[in-house]
Amino acid sequence: MTSPRIVIIGGGIIGSLTARALCREGLTDVTVIERDPTYRFSSTALSAASIRTQFGCPVNVELSLYGAQFLKGVKAELGEDAEIDFVEGGYLILGDARTEAARREALAMQRGLGAMVEDFGPDACAAAFPWLSTDDIAIATLGRQNEGWFDAWSLLQAARRAAIAGEARFVQAEASGFITEGARITGVRADGAIHPCDWVINAAGPGSGAVARLLGIDLPVRPRKRTVFQFKAPLAGAGMPMLFDISGAWMRPEGDGFIGGIQPDEANDPDADGDFEPDHALFEDRLWPLLAARVPALEQLRLVRAWAGHYEMCLFDHNGVIGPHPDMANLVFATGFSGHGVMHAPGTARGVAEWIAHGHYRTIDLSPLGFGRIAANRPMPESAIY
Ligand SMILES: Cc1cc2nc3c(=O)[nH]c(=O)nc-3n(C[C@H](O)[C@H](O)[C@H](O)COP(=O)(O)OP(=O)(O)OC[C@H]3O[C@@H](n4cnc5c(N)ncnc54)[C@H](O)[C@@H]3O)c2cc1C
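Values in this document were obtained by computation on a predicted structure and should not be read as measured data. (Residues numbered from 1 in each chain as written. Predicted model: local features only at pLDDT ≥ 70, side-chain atom pairs only at ≥ 80, totals over all residues. Heavy atoms only, no water.)

Describing the environment of Leu63
Along the chain, the position of Leu63 falls in helix H3 (residues 58–72). The class for Leu63 is buried, based on a relative accessible area of 0%. Distance from Leu63 to Ile14, taken between C-alpha atoms, is 13 Å for residues 49 residues apart in sequence. With near-sequence residues (within four places) excluded, Leu63 lies in contact with Met343, His344, Gly347, Thr348, Ile364, Leu366 and Leu369. (Helix = DSSP H or I, 4+ residues; strand = E, 2+ residues; numbered from the N terminus. Buried < 20%, exposed > 50% of the residue type's maximum accessible area, 1.4 Å probe, protein only. Contact = heavy atoms within 4.5 Å.)

Okay, structure coming up:
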């Protein structure tokens, strides 16, 4: 039997891992159309490259557990030359009295699925993390396993190499149109060429809403700018977990200092097409004061640099959109991860490959993340977004 022709739009971590997963399923006629092989502005290259199992939706916990196993066994998955420096440092997520009940409910769900998350009351939290200010804390949770950070750039390069070794073709071009026959896509236009196809996968990250619009499909995924700040402080980062404050501010160790960030106010969060300028005011006005209130040692710090990347934000419910379009069945989405797409890339890639190879999911049931929920206007909100 000949392999179906599969065109993937976008060769970031989602597209590259999906190409490799398809090849592993024996589907080797895979073309990845990527407009910028330097990945300078890709979300993957600009991300904070961290993984947590603490989510509000069960399917996200499952994707993270799968992702963590993948990252820990990356050499077996992607080849002996894959070096991603995974640090299993954990996420310490703080909560106040207002959110404690919901946090405990989520914790029970996470543990039920196999996540190794420990919880602390205020006194235990103060004793375990003496560098924290804990006055307003009602609950703190720490992932003891399967949470931490890694080198996303190296992961991307290893994924790409593995996909190419599996016979996937990477083409430098911009997908700019489609050829359709009835409710099927039969070709993808890119830089003057037509790539005939039996399947198309939209893995264009923050550009995936624009790709869907070429087909007249309203995919509610938009590019939203997020700035990461790198700083040094009189505080030893070694052994510290990634910290998520009640305010939404976050920080984690990086090299001999830290990185951190916070979402902008909703009113100050427009679509960010082409805008990669770090939002420096966010550091001075919000992030630094919030972090210094939580970690007093940060009253003195030195900002080293800042960079900005784009979340592929799913405005519908802040969750990924995975699987076929209800009316155009050979168009498959793998996008919309709203800040957690690197950690969920291995499970997403595997699921998409299973869907195409077998017509159903085998490893994780990804149907809760299907486009159908958007068509039916049934959001599945993710409470743990940062
Ligand atoms: C600041 C920041 C911090 C983050 N932190 C984390 C984190 O800690 N953990 C985590 O899991 N996730 C994090 N994320 C999110 C994560 O980076 C993304 O979810 C993930 O990288 C998405 O991967 P992707 O392959 O879909 O997108 P991308 O890496 O952006 O790849 C998409 C590719 O598609 C290409 N493309 C787009 N349109 C076209 C077209 N028309 N034709 C051809 N090519 C096209 C682009 O050039 C791009 O290379 C963060 C993101 C940002 C910005």
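Comments concerning the packing of helix H1 (residues 13–24) against helix H10 (residues 345–358)
Remark: H1 packs on H10, axes separated minimally by 8 Å, with the N-to-C direction vectors making an angle of 45°. Classed by the angle they form, the pair H1 and H10 counts as oblique. With respect to the hand of their crossing, H1 and H10 are arranged in right-handed fashion. Contact residues: H1 offers Ile13, Ile14, Leu17, Thr18, Ala21 and Leu22, while H10 offers Ala345, Pro346, Ala349, Arg350, Val352, Ala353 and Ile356. (Axes fitted to C-alpha atoms, helices over the stretch in contact; angles between N-to-C directions. Parallel < 35°, antiparallel > 145°, perpendicular 65-115°, else oblique. Left-handed = near helix turned anticlockwise from the far one by under 90°.)

Comments concerning the environment of Pro326
Looking at where Pro326 falls in the secondary structure, it is placed in the loop between strand S18 (321–324) and strand S19 (331–335). For Pro326, a relative accessible area of 44% translates into the label partly exposed. Among residues more than four places away in sequence, those in contact with Pro326 are Phe371 and Ala375.

Overview of the sheet that holds strand S1 (residues 6–9)
Read across the sheet, six strands follow the order S8-S2-S1-S12-S19-S18 without closing on themselves; strand pairing throughout is mixed. Of all strands in the sheet, those bounded by a partner on one side alone are strand S8 (169–172) and S18. Between one strand axis and the next, the sheet turns through 20° on average, direction left out of account. Relative to strand S12 (residues 199–202), S1 runs parallel, the two sharing four bridges. Looking across to S12, one finds that Ile8 is bridged to Ile201. The sheet contacts of H10 involve S1, S12, S18 and S19, and relative to S19 the element is tilted by about 170°. (Pairing = 2+ DSSP bridges.)

Observations concerning helix H7 (residues 152–165)
One full turn of an α-helix is made of 3.6 residues, so residues set three or four places apart face in the same direction. Taking 1.5 Å of rise per residue, the 14 residues of H7 would be expected to cover 20 Å, and the 20 Å separating its terminal C-alpha atoms lies within 8% of that figure. For H7, the elements touching its buried residues are H1, helix H2 (43–46), H3, helix H4 (74–78) and S8. The N-terminus of H7 is capped by Asp151, whose side-chain oxygen sits 3.1 Å from the backbone nitrogen of Trp153. Where H7 terminates, the next one or two residues include Glu167, which has phi positive at roughly 90°. (Expected span 1.5 Å × (residues − 1). Polar contact = N/O pair within 3.5 Å; in protein donor to acceptor, adjacent residues only side chain to side chain.)

On their own, these measurements won't tell you what the molecule is for.
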